[in-house]
Amino acid sequence: MMSMKKIPYGGDYNPEQWAPEVWDEDMRLLKLAGIDIVTLNVFNWASLQRDEETYDFSKLDQIIEKVTKADLNICMGTSTAAHPAWMAKKYPDILRTEWNGMKRKFGGRHNSCPNSPTFQKYSVLLTEKLAQRYKGQKNIVAWHVNNEYGGKCFCETCEKAFRVWLQRKYKTLETLNHEWNTAFWGHTFYEWDEIVIPNALSEEFAENRTMFQGISLDYARFSSDSLLENYKAEYEVIKKYIPEAVITTNLMGTYKPLDYQKWGEYMDFISYDNYPGNEETPAYIAMKHDLMRSLKQGKPFALMEQTPSVSNWLPNNSLKRPGVLRLWSYQAVAHGADTVMYFQMRRSLGACEKYHGAVIDHVGNENTRVFREVRELGEELVQLGDCVTGSRYQAEAAIIFDWDNWWAVEYSAGPNQNLKYLEEFFNYYEAFHKNHVPVDLISCKDDFKKYKVIAAPLLYLIKPGVAQALEEFVQSGGTLISTFFSGYVNENDYVTPGGYPGELRKLLGIWVEEIDSLPVNKFNHFVYKGKEYPAGMLCDLLHLEKARSLAEYGEDFYQGMPVLTCNEFGMGKAYYVAARSDADFYKRFILDLCLETDIKPLIEIDDNTVSEGVEVTVREKEGTRLWFLLNHNSMPVQVKTPVDGINLLTGNEHKKTEILTMKEYAVEIIAESSRKN
Ligand code: GLA
Ligand code: ZN
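Residues numbered from 1 in each chain as written. Chains lettered and ligands numbered in written order. Predicted model: local features only at pLDDT ≥ 70, side-chain atom pairs only at ≥ 80, totals over all residues. Heavy atoms only, no water.

1. Comments concerning empty space enclosed by the protein
Heads up, the condition is: Site definitions follow a grid-based scheme: protein atoms alone, a 1 Å grid, a 1.4 Å probe that fits but cannot get out for cavities, and for pockets an open set with protein on both sides within 12 Å along at least five of seven lines, plus lining residues having an atom within 4 Å of a point. Grid points are joined across faces, edges and corners, and a volume is the space filled by probe spheres set on the points. Each helix is a run of H or I in the DSSP string that is no shorter than four residues. Each strand is a run of E no shorter than two, and both are numbered from the N terminus. Gly falls in the polar group here, along with every residue not listed as nonpolar (Ala, Val, Leu, Ile, Met, Phe, Trp, Tyr, Cys, Pro) or charged (Asp, Glu, Lys, Arg). The split of the chain into domains comes from an automatic or database domain assignment.
Inspection of every chain in the model, using the stated rule, returns six cavities of 30 Å³ or more. Looking at the largest cavity, it is lined by 14 residues, and the ones nearest its centre are Tyr393, His433, Val437, Pro438 and Val616. Every element with two or more residues in the lining of the largest cavity is listed here: α14 (421-434) and β24 (614-621). Its residues placed into classes, the lining of the largest cavity shows eight nonpolar, four polar and two charged. Residue-level mapping places the lining of the largest cavity at the junction of two domains, with at least three residues from each of domain 3 (397-596) and domain 4 (614-671). Its volume calculated, the second largest cavity comes out at about 80 Å³. For the second largest cavity, the lining is made up of 14 residues, of which Arg96, His110, Ser112, Asn146 and Tyr149 are closest to its centre. In the lining of the second largest cavity, the residues fall into four nonpolar, eight polar and two charged.

2. What to know about the pairing of β24
Note the cut-off: Each residue gets one of three labels from its accessible area relative to the maximum for its type: buried under 20%, exposed over 50%, partly exposed in between, using a 1.4 Å probe on protein chains only. Two strands are counted as paired when DSSP detects at least two bridges linking them.
Counting buried positions over the eight residues of β24 gives seven, a clear majority of the element. Examined bridge by bridge, β24 and strand β25 (residues 624-631) share eight bridges and lie antiparallel to one another. Of the residues in β25, the one forming a bridge with Val614 is Asn631. Where β24 folds back on β25, the antiparallel hairpin that results is connected by two residues, among which Glu622 adopts a positive phi of roughly 45°.

3. Some remarks on the domain arrangement of the chain
Operational definition: The criterion used for residue contact is that any of the two residues' heavy atoms lie within 4.5 Å. By buried area we mean the combined loss of accessible area, with a 1.4 Å probe, across both parts when two parts are placed together. A pair is scored as a salt bridge if a Lys or Arg side-chain nitrogen falls within 4 Å of a carboxyl oxygen belonging to Asp or Glu.
Domain parsing of the chain yields domain 1 (9-96 + 109-151 + 224-389), domain 2 (156-217), domain 3 (397-596) and domain 4 (614-671). The centre of domain 1, based on its C-alpha atoms, is set 31 Å off from the matching centre of domain 4. Taken together, the contact pairs 25 residues of domain 1 with 15 residues of domain 4. Together domain 1 and domain 4 conceal approximately 1,600 Å² of surface at their shared face, both sides included; 64% is due to carbon and sulfur atoms. Among the salt bridges present, the one from Asp338 reaches Arg619, with a minimum N-O distance of 2.8 Å. Contributing elements (two or more residues each) for the side of domain 1 that touches domain 4: α10 (282-294), α11 (324-334), β11 (337-343) and α12 (369-384).

4. Here we look at the sheet that holds β25
Two pairing modes exist for strands in a sheet, parallel and antiparallel, and in both the strands are linked by backbone hydrogen bonds. Read from one edge of the open sheet, six strands run β12-β24-β25-β30-β27-β28, paired in antiparallel fashion. For this open sheet the edge positions go to β12 (392-393) and β28 (653-654), each flanked by a neighbour on one side alone. Where strand β27 (residues 645-647) meets β28, two bridges bridge the pair, whose relative direction is antiparallel. In the strand pairing of β28, Gly645 is matched with His654.

5. Comments concerning the coordination of the zinc ion (ligand 2)
Worth spelling out the cut-off: Shown as donors are all N, O and S atoms within 2.8 Å of a metal ion, widened to 3.2 Å for Na, K and Ca; because water is not in the atom set, sites may appear incomplete. In this scheme the shape depends on donor count and angles: four donors with every angle between 85 and 135 degrees give tetrahedral, four or six donors with opposite pairs above 155 degrees and others between 65 and 115 give square planar or octahedral in turn, and any other case is irregular.
Of the protein atoms, only Cys113 (SG), Cys153 (SG), Cys155 (SG) and Cys158 (SG) coordinate the zinc ion (ligand 2), at distances of 2.3 Å. Each of the four donor atoms around the zinc ion (ligand 2) contributes to a set of angles spanning 99 to 117°, which defines the coordination as tetrahedral. Spacing between the donor residues of the zinc ion (ligand 2) along their common chain follows C-x39-C-x1-C-x2-C. Residue Cys113 is found in the loop between α4 (85-90) and α5 (117-134), and its partner Cys155 is found in the loop between β4 (140-144) and α6 (156-170); the two are separated by 42 residues along the sequence.

Rendered as structure tokens:
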């Protein structure tokens with residue numbers, strides 16, 4: 001990735017917002033804080049290009065010279081995430097049209113139509129000039145294309161491009177008409193240009209609610225692909241001039257509109273921005289880290305942005321408590337990050353981010369709590385050196401995360417609008433997390449056979465080859481956990497006839513005849529290993545074919561029908577959870593399956609010295625296992641040391657099972673002493 005003698009430490013720096021007199025003081029403060037990398041030139045297009053012909057890089061040259069003299073590395077932005085006002089005035093095709101048909105004027109950012117010829121031409125041209133100009137700049141250790149790609153455009157240019165995309169995908173209108181089932185409501189298309197964008201003016205009646213799932217699903221894919229094409233065009237032009245460049249764009253974790261698994265293939269390393277909302281639990285934050293790490297099969301990722309203290313865009317922006325900045329930085333590292341970076345170095349003086357946290361506050365000096373915390377962490381990362389960088393996270397279990405399914409499940413009309421992909425997914429993620437069992441969040445294309453256990457919640461839509469791959473995985477000894485609302489449709493949301501769960505029916509050994517959708521506060525119940533748990537949201541009424549029942553519904557007219565099943569298939573087992581249950585059930589059930597498949601939790605959870613809210617992960621490097629212990633509690637806890645080893649942060653030696661008192665928000669990193677075989 002970047003230069004790896006230590007964890008790169010820094011973040012977004014926007015000196016173009018200040019007079020050059022301020023820059024010297026910035027350099028003094030950044031050095032004092034232990035910063036060694038700055039992300040430059042992220043939102044700078046208008047100042048680099050004042051009209052079609054005139055480019056002026058003189059100020060950027062000065063900034064680069066300044067940070068280079070200060071011995072800082074550079075993550076080089078391309079500035080294409082907000083177009084100049086003159087460009088919007090002269091070439092309105094660059095402006096986006098919203099879902100409701102409203103054509104936008106100039107304003108905001110992330111505002112260019114991805115299919116606009118103007119945007120395509122000038123964004124690549126700017127990036128080309130940057131690559132040409134700075135190709136010899138040795139301290140540029142990474143390129144940062146655009147910024148947080150996102151959103152959708154519904155303009156006429158996009159409509160035309162969508163038809164081309166469809167033609168490429170379906171080849172003929174007959175195929176398209178079949179897959180979208182346009183015979184329904186007499187929507188048959190005879191010419192490609194009869195197809196219009198699905199939005200408020202056509203097939204959609206609310207955002208995410210559609211009358212034709214096929215077209216809306218394809219538009220979601222097309223929109224993600226359109227932005228990806230923008231990214232790829234900039235990527236390629238950088239590589240043309242700097243073949244050795246390492247290139248990324250900053251992703252946003254669980255961001256629904258972009259299929260990051262597809263994007264990951266075109267990124268040299270994954271980078272992402274971690275901005276947890278006030279309500280997010282440590283497990284929820286961890287889930288996003290694990291997703292980002294898994295986009296490139298476990299290769300370390302970059303924590304590109306996080307706020308040192310507050311955000312400005314939440315309804316209520318609370319301060320990170322003393323210690324939380326450090327804790328969350330290490331949490332990212334614990335899950336596979338190899339950088340710790342912030343947005344931003346100096347707080348703006350105007351516009352909507354002036355109250356967003358920064359390393360240097362409006363007071364302008366080092367005498368702030370936040371600066372002190374940033375500085376302390378900076379010093380610690382220097383001490384840590386290269387102990388962690390390049391190490392790998394190891395998981396024997398995985399959960400399938402799939403953007404097509406996220407879109408399809410939430411476009412579905414029926415059976416239950418409360419069914420949310422991420423919520424259901426998180427139920428499973430949290431269960432592994434609470435049991436201290438590491439997981440990868442894999443795509444449908446990843447190698448299933450690397451794992452002992454795979455959970456596939458809400459695998460509603462089955463892409464070509466996926467059912468077979470799952471069968472092979474179980475056949476050869478794997479354990480699969482499937483859930484309600486799985487196997488119903490093909491990749492275009494067209495039902496697989498012959499009984500649910502369609503292509504998964506043989507593997508699961510069941511036939512789902514009906515689904516009872518329950519209101520939010522209503523539950524059926526079942527007993528699993530002597531304890532009663534709720535069954536809600538969707539309750540499948542299913543018949544056993546080859547599978548056996550592990551638990552049955554306790555109430556209603558389907559009392560006695562199976563709610564939890566297991567099918568022995570080849571050398572493995574395929575479980576089916578036919579309704580939503582609660583966190584206690586998932587935790588218990590997942591632990592049982594892990595123990596059954598010989599996956600050992602990193603620490604034992606029934607050990608009463610381990611408090612709730614302590615997270616444990618392991619990264620491995622050259623045979624040494626690095627144990628991260630993170631206390632997410634606002635009070636001290638006692639933890640039993642999991643291994644013999646040296647604490648990389650304190651230098652102290654620890655003995656296995658010794659009681660370790662961890663202060664509130666404390667972090668320990670223990671390098672395990674080599675194990676005797
Ligand atoms: C995002 C952007 C930054 C900044 C921060 C504020 O992550 O990439 O430019 O706006 O949010 O939280
Ligand atoms: Zn458009």
